[in-house]
Each structure stands twice: as structure tokens, then as C-alpha cells.
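The primary structure of each chain is shown beneath.
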Amino acid sequence: MVKSFSDRLKCVSHPKAQELINIILRKKSNLCFSADVTESQKLLELVDKVGPHICLLKTHIDIVSDFTPDLVTELRKLAKKYDFLIFEDRKFADLGNTVQKQFSEGIYKISSWADFINAHVVVGPGIITGLKNVAHNQGLILIAQMSAAGNLCHQAYIKEALMMAEDNRSFVCGFICTESVTSDESFLNFVPGVNFSSSGDGLGQQFVSPSQAVQKGADVIIVGRGIYQSSNPAATAKEYKELAYTAYLNLLES
Ligand code: 5FU
């Protein structure tokens, strides 16, 4: 029996995860837009169009060629204007001592503006401690599975990811995964590799439709090219939002 987002609020303890669920309920959107473009102006224009339809914006801030700190100031303004949170998809994957510098220093200073970050678990639990040491209320998403063909996230790896999450409930909010990896409703499942008009990209990405993603356990679907390569990103984002939220409502009724 699938729990509603309202019921999930009762078991989800991390403040950022609670904030995200409240946005999902307010906007009737469990859509995360992955804005993988390389120019600041283009990124801001896209987010301004898509913002009304999303609960979460996912960035790869290190692909922006003309990055300045003003970009994150503007993104935060848009997040406030349109009521969404920001997830920097940095995929930290190094020693605790190194990731804490990558997270808080350098030119991006991710800890000063992101709501969510993610990390690979291949490193072991030290990565979680390192990130937590310098976090400013961020929620951490552990990468339990990947959508790429031939990835190495086998059952034993996923199990280790789960154990690391369970041991760090005050910081870990959920998982990047392609299907539900736990029956524990206090973790959120963020599912990438969603596109309703393509099945892959020739570079390993494997797509499923929004309803397939939700049926497999996605709480939040992550869509990149499906939206930013469309001729009308706002209308397409609205379509993804409605398909994913309807799939969620249908699951509740089934
Ligand atoms: F961890 C993962 C993963 O397993 N698959 C992904 O696709 C992350 N992603 C990210 O989601 C990827 O880096 C892109 O930023 C985004 C998917 O974009 P797409 O254009 O919808 O394929």
C-alpha cells in the first residue's frame, strides 16, 4: 500500500525533505527539472519558464561556462519566486576530508546555496561525515542505483547504501535510484532517466516514462533533455508534471 505524500510527512524527519513534500503538495508537482545547459543566461531563462511546474531544480553547476556567484543568487531568487528547492548534482565521491572542501570551498561554494546534494557510497561512510561537517541544513541523497546501462550498483552495493542511510538519518533524505530500494517510507526516491519520447541516448542513458518511473517507486522524477530540448519547455514541463502526479494519484487509488 503506497502512502500519500501527506502521510509521508509524518515519517520523514529531515527538514529539507519535509519542505520538499510540502512543495509537492502545494504545487501538485513531483517533477525535478535537470537544467543541464552550459550558459548562465540560458539556464536562468529556462528556469524562469519551467519554475511554476517543478518542486525541485537540479543543477550541474560545474558545466556552466560563464559561472559567477550572481548565477546562484539569481537561481535562489527564482526558487523563492516559483516555490521550488535546488539540488546540486555534484555526485561527491572522495574522502571525507576532500569532499568537505569540494562542498564548501572552490568557486562554487555549494554549501552556501544548495538545498540538496548527493554522494556516491563507494567511498564508505566517511564521505557522509565529511559532508555533514560543513553542511548548512542540506539534505543528502545517496546514489544507490544509476540509470546508466552497465552500471556497477549491484544488490550488495545497494544494501550497503541503505545501511549507510539508516545510520545517518539526520542527514540522509533519500536515494538516487531507478526503483524503490527500501520499504522505509522515511526516505525519498529520486529517479532520473525519465523521458516520454526517447528510450536512450546512445551514451548509456536508459529512459522510462513518467508513469513507469512512479510505478517503480519514484517519489520525484528527474527530467533533463525531455524538457530543455523541447520546443516549448514550459508546456512540456507541465505535461511531465501532470503525467507524474497523475501516476502518483493512481497508485494511491490502486
Ligand atoms: F545519478 C544519476 C543517474 O543515475 N542518472 C542520471 O541521468 C544522475 N543522472 C542525471 O540526471 C544526469 O547527470 C543528468 O543531469 C540528469 C538526466 O538528464 P536527461 O537529459 O533526462 O538524461
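The structure this text deals with has already been given above.
Overview of the structure.

Cut-offs and rules
- Position labels on residues start from 1 in each chain and follow its written sequence.
- The model is predicted, so local features are restricted to residues of pLDDT at least 70 and side-chain atom pairs to those at 80 or more, both for listing and for counting; the totals for chains, interfaces and linings are taken over all residues.
- Only DSSP runs of H or I covering at least 4 residues are called helices, and only runs of E covering at least 2 are called strands; the numbering of each starts at the N terminus.
- Computation of the radius of gyration draws on C-alpha atoms, with the globule rule given as 2.2 Å multiplied by the number of residues to the power 0.38.
- To sort residues by burial, count the other C-beta atoms lying within 10 Å of each one's C-beta; a count of 20 or more means buried, 12 or fewer means exposed, and anything in between means partly exposed. C-beta atoms are built from the backbone.
- Contacts are defined on C-beta atoms placed from the backbone: any two residues whose C-beta positions lie within 7 Å are in contact.
- Two strands qualify as a pair provided that DSSP identifies no fewer than 2 bridges between them.
- The handedness rule is simple: strands pointing away from the viewer, and a clockwise path from the first strand over the helix to the second, make the crossover right-handed.
- Using a C-beta atom placed from the backbone, a residue is scored as near a molecule or strand whenever that atom is within 6 Å of it.
- Expected span, for any helix, means 1.5 Å times one less than how many residues it has.
- As used here, the arc is the angular range of directions from the helix axis to the C-beta atoms.
- We define the nonpolar core as any set of buried residues of the types Ala, Val, Leu, Ile, Met, Phe, Trp, Tyr and Cys, connected via C-beta atoms lying within 7 Å of each other.
- The axes used here are C-alpha line fits, helices contributing only the stretch in contact, and every angle between their N-to-C directions lies in the interval 0 to 180 degrees.
- For classification purposes, an angle smaller than 35 degrees is called roughly parallel, one larger than 145 roughly antiparallel, one from 65 to 115 roughly perpendicular, and anything else oblique.
- Throughout, a crossing is termed right-handed when the near helix is turned clockwise from the far one, and left-handed when it is turned anticlockwise from it by less than a right angle.
- For this classification, the nonpolar set comprises Ala, Val, Leu, Ile, Met, Phe, Trp, Tyr, Cys and Pro, the charged set comprises Asp, Glu, Lys and Arg, and every other residue, Gly included, is treated as polar.

## Concerning the overall build of the chain
Next, step 1: When helices and strands are counted, the chain shows ten helices and eight strands.
Next, step 2: On C-alpha atoms alone, the chain measures out to a radius of gyration of 17 Å, which is about the 18 Å that the 2.2 N^0.38 rule sets for 254 residues.
Next, step 3: Counting only C-alpha atoms, the chain reaches 45 × 45 × 40 Å along its principal axes.
Next, step 4: When each of the 254 residues of the chain is scored for burial, the buried share is 44%.
Next, step 5: Taking all contacts inside the chain whose residues are at least 6 apart in sequence as the whole, residues at least 24 apart take part in 69%.

## Some details on the pairing of strand 2 (residues 56-59)
Next, step 1: The alternating pattern of strand 2 places L56 and K58 and L57 and T59 on opposite faces, both of which are buried.
Next, step 2: Judged from the three bridges that link them, strand 1 (residues 31-34) and strand 2 form a sheet pairing that is parallel. Bridge pairing in strand 2 links F33 to L57.
Next, step 3: Chirality of the crossover, the property in question, places the unit of strand 1, helix 3 (residues 40-50) and strand 2 among those that are right-handed.

## Some remarks on the site of the ligand
Next, step 1: Neighbouring the ligand are 18 residues; M146, S147, P192, G224 and R225 lie closest to it.
Next, step 2: The set of elements that each furnish at least two residues to the shell around the ligand consists of strand 8 (220-223) and helix 9 (225-228).

## Notes on the pairing of strand 4 (residues 116-120)
A regular strand places its side chains so that they alternate between the two faces of the sheet.
Next, step 1: Within strand 4, four of the five residues are buried, leaving the element largely enclosed by the surrounding structure.
Next, step 2: Here three bridges tie strand 3 (residues 85-92) to strand 4, and the two strands are oriented parallel to one another. Bridging from a neighbouring strand, E88 pairs with I117 of strand 4.
Next, step 3: Each parallel crossover has a hand, and for strand 3 linked through helix 5 (residues 96-104) to strand 4 it is right-handed.
Next, step 4: Sheet topology note: the strand 4/strand 5 (residues 139-143) ladder contains five bridges and is parallel. Within strand 5, the position partnered with I117 by the bridge is L140.
Next, step 5: Handedness of the crossover joining strand 4 and strand 5 through helix 6 (residues 126-134): right-handed.

## Looking at helix 2 (residues 15-27)
Next, step 1: Taking 1.5 Å of rise per residue, 13 residues should cover 18 Å, and helix 2 covers 18 Å from first to last C-alpha, within 8% of that figure.
Next, step 2: Buried within helix 2 we find K16, A17, L20, I21 and I24. Projected down its long axis, helix 2 shows its buried positions confined to an angular sector of 140 degrees, all on one face. In helix 2, the exposed positions angled more than 90 degrees off the buried face are occupied by P15 and R26.
Next, step 3: Following helix 2 by one or two positions, K28 has its phi on the positive side, about 50 degrees.

## Re the nonpolar core
Next, step 1: Grouped together as the largest cluster of nonpolar side chains are 79 residues, with contacts concentrated most on C32, L142, F175 and I221.
Next, step 2: The element best represented in this core is helix 10 (residues 233-253), accounting for five residues.
Next, step 3: Contacts of C32, omitting those with residues within four sequence positions, involve I54, C55, L56, K58, F87, F190, V220, I221 and I222.

## Side note on the packing of helix 3 against helix 10
Next, step 1: The interhelical angle for the contact between helix 3 and helix 10, taken along N-to-C directions, is 50 degrees, at an axis separation of 8 Å. For the element pair helix 3 / helix 10, the angle class is oblique. Here helix 3 and helix 10 pass one another in a crossing that is right-handed. Between helix 3, through L46, K49 and V50, and helix 10, the contact on the second element is made entirely by P233, A234 and A237.
Next, step 2: In terms of residue class, the contact of helix 3 with helix 10 is built from five nonpolar, no polar and one charged.

## Quick notes on the sheet that holds strand 8
Next, step 1: Here we have eight strands rolled up into a closed barrel, ordered 1-2-3-4-5-6-7-8, and parallel in their pairing. Across the sheet, the mean angle separating the axes of adjacent strands is 25 degrees when strand polarity is ignored.
Next, step 2: Strand contacts of helix 6: strand 3, strand 4 and strand 5, with the helix running at about 155 degrees to strand 4, the strand carrying the most contacts.
Next, step 3: Of the strands in this sheet, strand 1 and strand 8 touch helix 10, which is tilted by about 145 degrees from strand 1.

## Regarding the environment of Y245
Next, step 1: With respect to the helices and strands, Y245 occurs in helix 10.
Next, step 2: Exposure remark for Y245: the 21 C-beta atoms within 10 Å place this residue in the buried category.
Next, step 3: Along the chain, Y245 and E88 lie 157 residues apart, while their C-alpha atoms are 23 Å from each other.
Next, step 4: Excluding anything up to four places from it in sequence, Y245 contacts K28, S29 and N30.

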